[in-house]
Every structure is written in structure tokens, then in C-alpha cells.
Amino acid sequence: MPAVFKTSLPLRTIEDPNSAVSAPLKAAQAGMGMVPNMYAAMANLPALLETYNHGYAKFRAEAGFTPVEQEVVFLAISRFNGCHYCVAAHSFVGDMMSKVPAEVTDAIRDGRPVPDAKLEALRHFAHVMAESRGNPTPDQASAFLAAGYTEEHILGIVLAISVKVISNYSNHIFHTELDAGFAGRAWSPA
């Protein structure tokens, strides 16, 4: 794999004099008890972090997926994009908050089919959507719909892809260091 550009921009902090930078980092600190390195990186362009946070919240609240399904989608896309940070973070969130069965999370991380048929259809279709850049075949979409999902869920996957492009690509150019809390679920692309 060729070398990947690494930005020279610093991680920003809650002490930043620019409130457009410090305010969302303070909100993250208050809500999560920490400022994830990914947020500290994206805060270099406040609009990027704001757009990520908005899309992420909308996906969580309005895309029509259960918490387990949400992690399946985010993990499948992040794995496809090769994002070490987001695969680890969503594995942690899946384990600790969304209660994704470990065999599901581990299968996605390892590039294996998920043992649950409906979740596997979701994982596979999220991967197809990312890989095809939103151009699934009619057969691929039909298989997804036959698994019990709707065309609105396809739009939810589009939203998740847009959110993950923001975070995955930002993590790529920052070579974002994994936060200590996610280290137990560290992952790297093959």
C-alpha cells in the first residue's frame, strides 16, 4: 500500500480560544467524559465536526435501524474504508453500549459472514453500497429487501456512508491515534 498523507494540523482542545472549536469539544467532554482524538482532529474545521455530529445523530435517531443494526452498518462501512479508528471505536460501542453480540462484531472485523442471516444481509448490503459507490445491482437490492429491510433503509445506509466518509477519511489523513478506551478493540486493515 502506498504511503498516506499525514496532515500537520494539531489535535485541538477544549481550551482553544476559538469557541467554534472549543464548544463542540466541551460538549463531547460533557457527554462522553472524554474528547475523542477523532473529534479533536476534525475540530480543525469546525464545519466538518458539526456536519459529522449532525449526520451521526440523525442516523442514530431517524434511519430506522436498531442499535445493533446501526453498529453493523457503521462497522461494515468503516472496515471497507480501512479505518482502524472507527472499527475499534464501533467495536467498543457495540460491546459496551449497543450490546452487539461479540460473534457479530468479530465476524465483521475479520471479514467473515455474520452468523445471523438478517444482520448478514445488512452487513453485506452496507458493504455493497460502499464498494459500488451507491450503485447496487437490482439483485443486490432485492436480496436486501427480501431480508426484511425497506427502501428507506437503503437511504439510511447512504446517510451512514456519508457520516463514515467524514470520519474515516479524516482519520486517514490524521493517522488518528486510538484513544485508550478503544485500545482493547484495536484493529488494523489486512
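Quick caveat, the model's predicted, so the values are computed rather than measured. (Residues numbered from 1 in each chain as written. Predicted model: local features only at pLDDT ≥ 70, side-chain atom pairs only at ≥ 80, totals over all residues. Heavy atoms only, no water.)

Trainee: Quick question: what am I supposed to make of the environment of proline 189 here?
Mentor: With respect to the helices, strands and loops of the structure, proline 189 is situated in the segment after helix H9 (151-174). Its relative accessible area of 41% is what places proline 189 among the partly exposed residues. Here the alpha-carbon distance between proline 189 and aspartate 110, two residues 79 residues apart in the chain, equals 9.4 Å. (Helix = DSSP H or I, 4+ residues; strand = E, 2+ residues; numbered from the N terminus. Buried < 20%, exposed > 50% of the residue type's maximum accessible area, 1.4 Å probe, protein only.)

Trainee: Would you explain the UniProt feature "domain: Carboxymuconolactone decarboxylase-like" (unreviewed entry) in the chain in this entry?
Mentor: UniProt tags residues 48-112 as "domain: Carboxymuconolactone decarboxylase-like" (unreviewed entry). Along residues 48-112 the backbone is 82% helical and 0% strand, and the end-to-end C-alpha distance reaches 32 Å. (UniProt positions renumbered as here; feature names shortened; annotations may be inferred.)

Trainee: Got a minute to help me understand the pattern of salt bridges in this structure?
Mentor: Pairing between side chains becomes possible if they bear opposite charge and their charged atoms approach one another. Using the criterion set out here, one finds seven salt bridges in the structure. Between aspartate 16 and arginine 12 there is a salt bridge whose closest N-O contact spans 2.8 Å. With a relative accessible area of 21%, arginine 12 lands in the partly exposed category. The network of salt bridges with shared partners includes Asp95, Asp106 and Arg185. (Salt bridge = Lys/Arg side-chain N within 4 Å of Asp/Glu carboxyl O.)

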